[in-house]
Every structure is written in structure tokens, then in C-alpha cells.
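If you want the building blocks of each chain, they are given just below.
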Amino acid sequence: MTADTTTAFITRCGAHTVHWLDDGRQRLGLVPGFGGSAAAWLLHPQAGAAPRQPEVPFHLWRPWFGDPDPFSVASLPLVPWSNRISGGGFEQDGVFHPLAPNRAGEACPIHGEGWLRAWDVVTHDERQIELRLASRRFMGSPYDYIATQRYQLLPDGIEQTLSVTHRGESSLPYGLGQHPWLLRTPGTRVQARVSGVWLSHPDRLPLAHAAVPPDWDLSAGIEAHGSLIDNAFTGWDGTARIEWPESGWALTVEDTTPTGDGCLLLFRPEHGPSFCLEPVSHPIDAVHLPGRPGLRHLAQGQSMTQRLRWRFHRIG
């Protein structure tokens, strides 16, 4: 079924069109024209609320209400790199490639380009959608690529696939990731097996790789509330879990295409109703780290893919 035949699954939010997937248990909205981002992912009341809770929709990702800030969406795609790049750009094969800052208030370009672009809808029905972005030297960057996103509803979650194919004549370093915002209730907890962390300067750029501090021990599980964390954890085994005990729901994510470096970013702000758990292929500013961990140097026609499976579960 093409996008032209799915008017029942298309709505408007402000100036933007939302394309919905819905299987009667869960509902996922995508905004192709606004960064190829997600607008919402929620469970219908009939999905089964915890016995002590009223039957109301439960949002697995923070819902978007049409705010013009691209960072206000439920989740945004990270392509052709994740997080910040310092130094005004990077060198590849003896050539310096400048990159301009792309977000107000940020000294460094952040999270690539995909979240700033309008994506095309390739296919769309009630259970899946595929989006496509053709980008060539956006804002003067050296990147020339085709990216695709595919979302498919599973019986207990979603499969989320992000791919990129390099079109330029000279090879370049690529990275991929996803940037979901998760609501945090007072009891929200996060757990993921990791072995190290990149400590950072005040500007959020990496300072040194270290053992995980005891109060950041994701392997044992930590609270989603607390002091600021905006760091890349390494040695990630590709699975993570978020629990909302007040609602009786938990969410797990599995990266089924690990790069071998295993990197998970956690953004836990000191205040606010949400936090971020970002499965990514590489740490912050990896292009300037020794060995460029997690980045893939793609020649013309070469591709890389990230495939995530998100599954919701009842707890308690």
C-alpha cells in the first residue's frame, strides 16, 4: 500500500503531516517532513494497564505537540553521525572538511543532518513505513549519501532500521544512531550492561575514557533522575531496559547490528520530564578520537545499517 492510499493513517500537527502506524495495541506516528522524526509512540488502553492504574494510553516515548524546535520530537534519526564534532570539522585522507554549527546555542555541529531535512515517504501502510533522504553537501558538509528509515510494528513493539549509502567519490567516516526521548516518572530506572564511559569536559566533549563511576553503574541499573549525565558508555552488549514501575510497563531495546564497539549514550538532565537513551554506533566526537571508534569509512556505493528492536513488557 502506498502513501496515497493511507489517508486514514495521516493527520496534521500544526504545519506538519503525521503518518501513523496502528495495530490496535500500539500507535506510532512519524513526521517525514520534520526531520524524518517520530511524533509519538504509545500503547492503547486496551494494551493492558497495570491493575492499580486506570486504563489510559501510555506513552513509551515523549509525545510531540507541534513545537517548532526539532529537538521537541519523540525521537530523531542520527545520520551521517551522532552527537558533536569539534574543531570546526575533520580531516580525511589529507583533506580538511569543514562542518558548520547546526543548532542555536551549540558551538559544534551536532547529530548529523537527517533531523534537519524533510524525508520522502516511499511506502506506508498501517503496520510499516519507509522513508528516504537524498542529501548532497547540506550546509557545506562533505557528505553525499542516500539514507533510508524503516519502521515496522511487531506484536510487542517496533523494529527500527536506519541505513546510509555513500555516494561521494572520496571515502568518508559515517555513524548512525537514534535519539528517543523517554518520559521519566519518579520511579523510572535504566539498566544496560556497559564496561566503560567517556568522561567529558564542561563543553560535553570527551576528556578521557574511564571505568564507570559507582553512581553511574548502568549494569546494575540507575535512577532516571539525578545529577547530569551526558556521556557515551562503552562496552555495551547491545541491550538496555527502561522501567516505569508506577505504570507497570518496561521497555527494552536490542541493537541487532552491533559494530563491535558497543556504544550507548545517556542524557540525564538534572531537571525536566524526560531523558534520552541513545543507541549509537560511536562515541561523541569519535572522528577526533584515536582509531575513530565505531565509525565506518565508506567508499562510494558502500553502506552501513543500524537495526533496533524495541519491545514493551508488563512488570509488577
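Provided above is the structure to which this section pertains.
Note that the structure is a prediction, hence the values are computed from the model and not measured. (Residues numbered from 1 in each chain as written. Predicted model: local features only at pLDDT ≥ 70, side-chain atom pairs only at ≥ 80, totals over all residues. Heavy atoms only, no water.)

1. What about the overall build of the chain?
Basically, it comes down to this: Numbering of helices and strands starts at the N terminus; helices are DSSP runs of H or I of at least 4 residues and strands are runs of E of at least 2. A radius of gyration in this sense is built from C-alpha atoms; the matching globule rule multiplies 2.2 Å by the number of residues raised to 0.38. In what follows, a contact means two residues having at least one pair of non-hydrogen atoms within 4.5 Å. For the area figures, the Shrake-Rupley method with a 1.4 Å probe applies, and any residue is considered shielded solely by the protein chains shown. Counted charges follow a simple rule, with Lys and Arg positive, Asp and Glu negative, and His plus the chain ends left uncounted. In this description, the location of a charge corresponds to atom NZ of lysine, CZ of arginine, CG of aspartate or CD of glutamate.
Helices and strands together make up the secondary structure of the chain, namely 0 helices and 25 strands. Relative to the compact-globule value of 20 Å for 316 residues, the chain shows a C-alpha radius of gyration of 19 Å, a close match. For the chain, the share of sequence-separated contacts (at least 6 apart) that also reach a separation of at least 24 residues comes to 65%. Accessible surface, the chain as shown: approximately 12,700 Å² in total, 53% of it carbon and sulfur. The average position of the 26 basic charges and that of the 32 acidic charges among the side chains of the chain differ by 3 Å.

2. Quick look at the side chain of Gln 149
Our working definition: Residues adjacent in sequence count toward polar contacts only when both atoms are side-chain atoms; beyond that, a polar contact is any pair of N or O atoms within 3.5 Å, and within protein one must be able to donate a hydrogen and the other to accept it.
With respect to the element layout, Gln 149 can be found in strand 11 (residues 144-154). Polar contacts involving the side chain of Gln 149 include one to the main-chain carbonyl oxygen of Gly 36, which spans 2.9 Å. Residues contacting Gln 149, with those up to four places away along its chain left out, are Gly 36, Pro 77, Trp 119, Ile 129, Glu 130, Leu 131, Thr 161, Leu 162 and Gln 178.

3. Here's the deal with the nonpolar core
Generally speaking, a soluble globular protein has its nonpolar side chains buried in company with each other. Rule in force here: Joining through side-chain atoms within 4.5 Å is the link that ties buried Ala, Val, Leu, Ile, Met, Phe, Trp, Tyr and Cys residues into a set, and such a set is a nonpolar core. Burial status follows relative accessibility: with a 1.4 Å probe on protein chains alone, a residue under 20% of its type maximum counts as buried, one over 50% as exposed, and anything between as partly exposed.
Core analysis: the biggest nonpolar cluster contains 60 residues, and Leu 28, Trp 41, Trp 61 and Leu 251 have the highest contact counts within it. Apart from the residues lying within four places of it in its own chain, the contact partners of Trp 41 are Gln 26, Arg 27, Leu 28, Phe 58, His 59, Leu 60, Trp 61, Gly 157, Ile 158, Leu 251, Trp 310 and Phe 312. Among the nonpolar cores identified, the runner-up in size contains 22 residues, and Cys 13, Phe 34, Leu 42 and Ile 284 belong to it.

4. A short note on the pairing of strand 6 (residues 75-78)
To be explicit about the condition: For two strands to be treated as a pair, DSSP must find no fewer than two bridges joining them.
Side chains Ser 75 and Pro 77 project from strand 6 onto one buried face, and the interleaved Leu 76 and Leu 78 project onto a second face that is buried too. Where strand 6 and strand 14 (residues 177-183) come together, 4 bridges link them in antiparallel fashion. The residue bridging Leu 76 from the neighbouring strand is His 179, located in strand 14.

5. A word on the pairing of strand 20 (residues 239-244)
As a general feature of sheets, a regular strand has side chains that alternate between the two faces. Here strand 20 shows a buried face lined by Ala 240, Ile 242 and Trp 244 and an unburied face lined by Thr 239, Arg 241 and Glu 243. Both strand 15 (residues 189-192) and strand 20 contribute to a ladder of 4 bridges, which runs antiparallel. Across the sheet, Gln 191 pairs through a bridge with Arg 241, a residue of strand 20. Bridge count for strand 20 against strand 21 (residues 249-255) is 6 bridges, and the pairing is antiparallel. Residue pairing across strands places Thr 239 opposite Glu 254, the latter belonging to strand 21. Here strand 20 folds back onto strand 21 in antiparallel fashion, the turn holding 4 residues, of which Gly 248 has a positive phi close to 85°.

6. Re unusual backbone geometry
The omega torsion of the bond from Val 79 to Pro 80 falls at 5°, within 30 degrees of zero and hence cis. Look at Arg 137: it is not a glycine, yet its phi comes out positive at around 55°. In this structure, Arg 204 takes a positive phi of about 75° despite not being glycine. Structurally, the position occupied by Arg 204 is in the loop between strand 16 (196-200) and strand 17 (206-210). Since its relative accessible area comes to 25%, Arg 204 is described here as partly exposed.

7. What about the pattern of salt bridges?
What counts, and what does not: Salt bridge criterion: a side-chain nitrogen from Lys or Arg within 4 Å of a carboxyl oxygen from Asp or Glu.
Scanning the model with the defined rule gives 12 salt bridges in all. A salt bridge links Arg 103 to Asp 69, with the nearest nitrogen and oxygen atoms 2.9 Å apart. With Arg 103 in the loop between strand 8 (95-98) and strand 9 (120-124) and Asp 69 in the loop between strand 5 (58-61) and strand 6, the pair connects residues that are 34 residues apart, well separated along the chain. A relative accessible area of 27% means that Asp 69 is categorised as partly exposed. Arg 84 is the salt-bridge partner of Glu 106, the closest N and O atoms lying 3.0 Å from each other. Within this pair, whereas Glu 106 is found in the loop between strand 8 and strand 9, its partner Arg 84 is found in the loop between strand 6 and strand 7 (89-92), the two being separated by 22 residues in sequence. Overall, the relative accessible area of 21% leaves Glu 106 in the partly exposed class. Each of Arg 84, Glu 106, Arg 204 and Asp 230 takes part in a single network of salt bridges with overlapping partners.

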